[in-house]
Amino acid sequence: MKEFSYRRATDVAGAVALLDADPGARFLGGGTNLVDLMKAGVESPERLIDIRELRLDGIEATGDGGLRIGATVTNSDLAAHPEVRRRYPALSQAVLAGASGQLRNMATVGGNLLQRTRCGYFTDITKPCNKREPGSGCPAVRGEHRNAAILGASEHCVAVHPSDMGVALAAYDAVVSYQTPHGVGELTLADFYLPVGDTPHRETALPPGALITAVTLPAAPALARYRKVRERASYAFAIGSVAAVLEVRDAVVRDVRLAFGAVASRPWRARTAEALLLGAPATAERFAAAADAELSAARPLANNGYKVTLLRNLTVAVLSELAEAEEGTVR
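Thresholds, definitions, all that
- Residues numbered from 1 in each chain as written.
- Predicted model: local features only at pLDDT ≥ 70, side-chain atom pairs only at ≥ 80, totals over all residues.
- Heavy atoms only, no water.
- Salt bridge = Lys/Arg side-chain N within 4 Å of Asp/Glu carboxyl O.
- Helix = DSSP H or I, 4+ residues; strand = E, 2+ residues; numbered from the N terminus.
- Buried < 20%, exposed > 50% of the residue type's maximum accessible area, 1.4 Å probe, protein only.
- Polar contact = N/O pair within 3.5 Å; in protein donor to acceptor, adjacent residues only side chain to side chain.
- Disulfide = S-S within 2.5 Å.
- Pairing = 2+ DSSP bridges.
- Axes fitted to C-alpha atoms, helices over the stretch in contact; angles between N-to-C directions.
- Arc of directions from axis to C-beta.
- Contact = heavy atoms within 4.5 Å.
- Lys, Arg positive; Asp, Glu negative; His and termini not counted.
- Core = buried A, V, L, I, M, F, W, Y, C linked by side-chain atoms within 4.5 Å.
- Right-handed = clockwise from strand over helix to strand, strands pointing away.

Quick notes on the pattern of salt bridges
Move 1: For the coordinates displayed, the defined rule picks out 21 salt bridges.
Move 2: For Glu321, the salt bridge is made with Arg225, and the minimal N-O distance between the two is 2.7 Å. Taken as a pair, Glu321 in helix H12 (residues 306-327) and Arg225 in strand S9 (residues 224-229) lie far apart in primary sequence, 96 residues in all.
Move 3: A relative accessible area of 25% means that Arg225 is categorised as partly exposed.
Move 4: Taken together, the shared-partner salt bridges connect Asp173, Asp255, Arg257, Arg269, Arg271 and Glu274 into one network.

Remarks on the environment of Thr126
Move 1: Here Thr126 lies in the loop between helix H7 (109-113) and helix H8 (165-171).
Move 2: Only 2.6 Å separates the side chain of Thr126 from the side chain of Asp124, close enough to count as a polar contact.

Describing the state of the cysteines
Move 1: What the rule picks out here adds up to 0 disulfides.
Move 2: Cysteine Cys119 is unpaired, with the sulfur of Cys129 as its nearest cysteine sulfur at 6.0 Å.
Move 3: For Cys119, a relative accessible area of 27% puts it in the partly exposed group.

Quick notes on the sheet that holds strand S6 (residues 175-180)
Move 1: A sheet is described by the order of its strands in space; here 5 strands give the open sequence S4-S5-S8-S6-S7, paired in antiparallel fashion. Among the strands making up the open sheet, the edge pair consists of strand S4 (59-61) and strand S7 (183-188). Strand-to-strand twist in this sheet, taken as the mean axis angle between neighbours without regard to direction, amounts to 25°.
Move 2: Sheet topology places S4 next to strand S5 (residues 67-70); 3 bridges connect them, and they run antiparallel. Across the sheet, Ile59 pairs through a bridge with Ile69, a residue of S5.

A few points about helix H1 (residues 12-21)
Move 1: Along H1, the residues classified as buried are Val12, Ala15, Val16, Leu18 and Leu19. Relative to the axis of H1, the buried residues are bounded by an arc of 155° and lie together on one face. Within H1, the exposed residues directed more than 90 degrees away from the buried face are Asp20 and Ala21.
Move 2: Residues of H1 that are buried sit in contact with strand S1 (5-8), strand S2 (25-28), strand S3 (47-50), S6 and strand S8 (211-217).
Move 3: Taking the backbone nitrogen of Ala13 as reference, a side-chain oxygen 3.3 Å away marks Asp11 as the first, capping residue of H1.

Observations regarding the side chain of Lys307
Move 1: The residue Lys307 is located in helix H12 in this model.
Move 2: As a buried residue without a salt bridge, Lys307 has its nearest oppositely charged side chain in Glu231, at a separation of 8.5 Å.

A short note on the nonpolar core
Move 1: With 40 residues, the main nonpolar core has Leu78, Leu91, Leu113, Leu169 and Phe192 as its most contacted residues.
Move 2: Among the elements that make up this core, the one with the highest residue count is H8 (6 residues).
Move 3: What Phe192 contacts, discounting residues up to four positions off in sequence, is Leu113, Leu114, Val176, Leu187, Glu203, Thr204, Ala205, Leu206 and Ile212.
Move 4: Formed by 32 residues, the second largest nonpolar core is a distinct cluster that contains Val256, Leu295, Leu319 and Ala323.

So, the pairing of S3
Move 1: Sheet topology note: the S1/S3 ladder contains 4 bridges and is parallel. Counterpart to Arg7 in the pairing with S3 is Ile49.
Move 2: In terms of handedness, the path from S2 via helix H2 (residues 34-40) over to S3 forms a crossover that is right-handed.

Some details on the sheet that holds S2
Move 1: Spatially, the 3 strands line up as an open sheet ordered S1-S3-S2, and their pairing is parallel. In this open sheet, the two edge strands, each paired with only one partner strand, are S1 and S2. On average, each strand axis in the sheet is tilted by 25° relative to the strand beside it, whichever way the strands run.
Move 2: In the sheet, S2 pairs with S3 via 4 bridges, with the strands oriented parallel. In the sheet register, Ala25 faces S3, and the bridge partner there is Arg47.
Move 3: Packing of H1 onto the sheet brings it into contact with S1, S2 and S3, and relative to S2 it is tilted by some 155°.

If you want it as structure tokens, here you go:
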């Protein structure tokens, strides 16, 4: 590991100023992703700025019925918080599905959002990778890509975003707050992650030197679920996941938010499916048609076409369970 210096920040403005003065530095939260990448030689910051003592570890209600979550809240505290479990159950379920207990105790909300989108080629510095070395190529396109993207990818990168939490936040229309040396700002999660295009090394729309300070969730229907499929029952990344928020009245879908995980370089908001479901009968047949419409844009590679079928079936199952719980309307 390359030598680096270490500073501990005591307030947000000080943390931002330290990074502004040293662009080669990186913020350190729980370190569950960054430190691993440093050990592998993928990341080599000149300085780590520890932000764990900043007062960003609270969860509080907002005036309009939402919830504001500080950036240094640990995943364990987030998943266990009574208001998260009661009002945003898909988020609690996603966090609990996302990692081992030890990692959840260290990982932070802000750090989770900033996990590097990656595959085995990204973390192996002996191999080319456009995310690590722009212009070097993407060997996954013709190599090992069983868990690669089927939506929104390009020939420059087919890696998927690893966050479970991010999928639930996408379904809940989360807003990310940040601070820079020039002031504060916000990004909806839909705008937070950048499309792959021909610059896969640029993953987020955060301005240079920005520190995530909070994530805000607007009010949402309480009926929601996160379901993850992985290749083993123990701690593992998803091969496909769905976060769904649903409101059904009189056997008709009145509100729906749907997001997919492990299928793209960012949490994938299923807008096409949502548009077809809103105001439609809450039936398994309509859920399947909406999933098919969303997945019609899928462009699987030679060995990951199974994800299309997996996501279709997972979407139908999750939405059917929610609709049945709401009104028993699925038939």
